[in-house]
Amino acid sequence: MDVPQTGICTDQRLLTGERPSFVLALLKNGEPFFFTKHVYVLTTFSALAPVIEAYGFTADGISIESFGTGLINRTWKVVSAGKEYILQKINQRVFTQPHNIAHNHQLIAAYLKEHAPGYLFVAPLPTLNGEALVYHEGEGYYRLFPFVGGSHSKEVVTTPGEAFEAARQFGQFTRLLSGFDVTSLKTTIPSFHDLSLRYRQFLDALANGNKTRMAEAKEEVDGLLAQKGIVEQYERLIHNPDFKRRVTHHDTKISNVLFNSQNKGLCVIDLDTVMPGYFISDVGDMMRTYLSPVNEEEKEFSRIEVRDDFYKALVEGYYSEMQSELTATEKRHFFFAGQFMIYMQALRFLTDHLNDDAYYGARYEGHNLVRAKNQLVLLQRLLEKKEILQQVISF
Ligand code: GN1
Ligand code: MG
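## So, the environment of glycine 140
Alright, step 1. Checked against the element boundaries, glycine 140 lands in strand E8 (residues 140-146).
Alright, step 2. Considered as a pair, glycine 140 and asparagine 91 are 49 residues apart in the sequence and their alpha carbons are 8.1 Å apart.
Alright, step 3. In this structure, glycine 140 is in contact with Lys89, Ile90 and Gln92, ignoring residues within four places of it in sequence.

## Regarding the site of ligand 1
Alright, step 1. For ligand 1, the full set of nearby residues is Gly70, Leu71, Ile72, Val94, Asp251, Asp270, Thr273, Glu296 and Gln345.
Alright, step 2. Looking at side-chain class alone, the shell around ligand 1 contains three nonpolar, three polar and three charged residues.
Alright, step 3. Structurally, the shell around ligand 1 is a two-domain feature, drawing no fewer than three residues from each of domain 1 (6-146) and domain 2 (160-390).

## Thoughts on the packing of helix H4 (residues 195-208) against helix H11 (residues 334-354)
Alright, step 1. Interhelical geometry of H4 versus H11 gives an angle of 30 degrees and a closest axis separation of 9 Å. When the axes of H4 and H11 are compared, the pair comes out roughly parallel. In this structure, H4 crosses over H11, and the sense of that crossing is left-handed. Only Phe340, Met344, Leu347, Arg348, Leu350, Thr351 and Leu354 of H11 make contact with H4, whose side of the interface consists of Leu195, Arg198, Tyr199, Gln201, Phe202, Ala205 and Leu206.
Alright, step 2. Partitioned by chemical class, the residues of the contact of H4 with H11 number 10 nonpolar, two polar and two charged.

## Things to note about the pairing of strand E6 (residues 83-89)
Alright, step 1. In this structure, strand E5 (residues 74-80) lies alongside E6, joined through seven bridges in antiparallel fashion. In the sheet register, valine 79 faces E6, and the bridge partner there is glutamate 84.
Alright, step 2. The antiparallel pairing of E5 with E6 creates a hairpin that spans two residues between the two strands, and alanine 81 there sits at a positive phi of about 50 degrees.

## Examining the packing of helix H7 (residues 229-238) against H11
Alright, step 1. Put simply, H7 and H11 touch, their axes get as near as 10 Å, and they point 120 degrees apart. It follows that H7 is oblique to H11 by the angle criterion. Viewed along their axes, H7 and H11 form a crossing whose handedness is left-handed. On the side of H7, the interface is formed by Ile230, Gln233 and Tyr234, while H11 contributes Phe336, Gln339, Phe340 and Tyr343.
Alright, step 2. The residue makeup of the contact of H7 with H11, split by class, is five nonpolar, two polar and no charged.

## Topic: the confidence of the model for the chain
Alright, step 1. For the chain, the average pLDDT comes to 88, and 88% of its residues sit at 70 or higher.
Alright, step 2. A low-confidence stretch, residues 1-42 stays under pLDDT 50, and its non-local contacts, those more than four residues away or across chains, total 88 contacts.

## Concerning helix H8 (residues 279-290)
Alright, step 1. The end-to-end C-alpha distance of H8, which contains 12 residues, comes to 16 Å, matching closely the 16 Å that a straight helix rising 1.5 Å per residue would cover.
Alright, step 2. For H8, a buried count of 12 out of 12 residues is recorded, marking the element as mostly surrounded by other parts of the structure.
Alright, step 3. Restricting attention to buried positions, one finds in H8 the residues Phe279, Ile280, Ser281, Asp282, Val283, Gly284, Asp285, Met286, Met287, Arg288, Thr289 and Tyr290.

## Topic: the nonpolar core
Alright, step 1. By size, the foremost hydrophobic cluster in this structure holds 67 residues, and its most contacted members are Ala163, Met287, Tyr290, Leu314, Ala346 and Leu350.
Alright, step 2. Looking at this core, the elements that each hand over two or more residues are helix H3 (160-176), H4, strand E10 (257-259), H8, helix H9 (308-322), H11 and helix H12 (367-384).
Alright, step 3. It is H11 that contributes the most residues to this core, 13 residues altogether.
Alright, step 4. Residues contacting tyrosine 290, with those up to four places away along its chain left out, are Val157, Ala163, Ala166, Ile254, Phe310 and Leu314.
Alright, step 5. If you look at the next biggest cluster of nonpolar residues, it comprises 14 residues, including Leu48, Phe57, Trp76 and Tyr141.

## Considering the pairing of E8
Alright, step 1. As paired strands, E6 and E8 are joined by five bridges and run antiparallel to one another. Bridge assignment links tyrosine 85 to a residue of E8, and that residue is proline 146.
Alright, step 2. The antiparallel hairpin formed by strand E7 (residues 134-136) and E8 contains three residues in its connecting segment, where glycine 138 sits at a positive phi of about 80 degrees.

## Looking at the environment of leucine 314
Alright, step 1. Checked against the element boundaries, leucine 314 lands in helix H9.
Alright, step 2. Along the primary structure leucine 314 and proline 160 are separated by 154 residues, whereas in three dimensions their C-alpha atoms are 7.7 Å apart.
Alright, step 3. Apart from residues no more than four positions distant in its own chain, leucine 314 is found in contact with Ala163, Ala167, Met286, Met287 and Tyr290.

About the criteria used
- Residues numbered from 1 in each chain as written.
- Chains lettered and ligands numbered in written order.
- Predicted model: local features only at pLDDT ≥ 70, side-chain atom pairs only at ≥ 80, totals over all residues.
- Helix = DSSP H or I, 4+ residues; strand = E, 2+ residues; numbered from the N terminus.
- Contact = placed C-beta atoms within 7 Å.
- Near = placed C-beta within 6 Å.
- Nonpolar A, V, L, I, M, F, W, Y, C, P; charged D, E, K, R; others polar.
- Domains from an automatic or database assignment.
- Axes fitted to C-alpha atoms, helices over the stretch in contact; angles between N-to-C directions.
- Parallel < 35°, antiparallel > 145°, perpendicular 65-115°, else oblique.
- Left-handed = near helix turned anticlockwise from the far one by under 90°.
- Pairing = 2+ DSSP bridges.
- pLDDT = per-residue confidence, 0-100.
- Expected span 1.5 Å × (residues − 1).
- Buried ≥ 20, exposed ≤ 12 C-beta atoms within 10 Å, placed from the backbone.
- Core = buried A, V, L, I, M, F, W, Y, C linked by C-beta atoms within 7 Å.

This is how it looks when you write it as structure tokens:
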């Protein structure tokens, strides 16, 4: 196996439950040198070499560095021979059947190629053997994407124009696939946005989770239990035939939209959770991540707010693509989408806190409790504006 003679590999990601790590590996004459603050994560060229070789990269001059802020998969930016790529390792604790993801990507890519040939769908690149995934023995599954040239992503939405653009992108994605047979998609995470299941998992964590943490989080636990009506409303909705199963992205946070240098939306990314679902998942996660000037990581809760003009832009952006697709029942539940998703995310963060951070990991003690509190405040801010915001949808 060849290892590069020179290059830099950085990795700031953490392993679940461990402390933040920073590793800088410099390779000289094939020998790695590590400069570390906390040596918990080691990602070296040699660890990734079998993967990058599958794509025919030569080791000389390649650079691989950690990229993005996703919580589940691990992502690197790869530069080789002047070309940029995104390399990802699929988290198999979460995505237990990586081939299901590849199957979905292939079906959607083929459909869009035929029905919307100009659409930018960022599909994985095939290996030298024509495979969509690389299996690295003892490590897991990887795939490589082209890096969309001239693109950038965002962590928070700073203008209504950005909210409009992002909402338009997700609306366009679902609309272009409205003629696609949604039942042909495989489920990549069973019951991913099933709020009733998330609620049961929360109750389960209350019964079996960390008792000390439970006592400390009593106020948040009670706050979530008190809003169980959201689960009941969700149950009623999904049994309503006017609530359609559509091709749904299921992770529409702002960092999953690529923008060009003029801040126009280019495409949506992070397509692993594209599955049959309901529009409230996509619209709700946009509300969760576009309406406030700060995101789920914010510890200063007074900075969390719901911006009316961003809500309006979100509605207009999504409707610019989906207005004629949505049923009247769906439109009436536009606001509910935000309640549904913010509540679900608060449940998931608090459940994980009670389960000792087994799913999301934690960068500091109490990280998921802070995230849960943050989402509860956001939900409160949204509900306070219910009447005003519902008037925005007058068309
Ligand atoms: C996870 O890995 P990432 O950041 O794309 C999670 C989403 C959550 C999000 C919260 C598969 O997404 O559902 O909304 O964290 N994805 C999965 O930041 O659980
Ligand atoms: Mg994601």
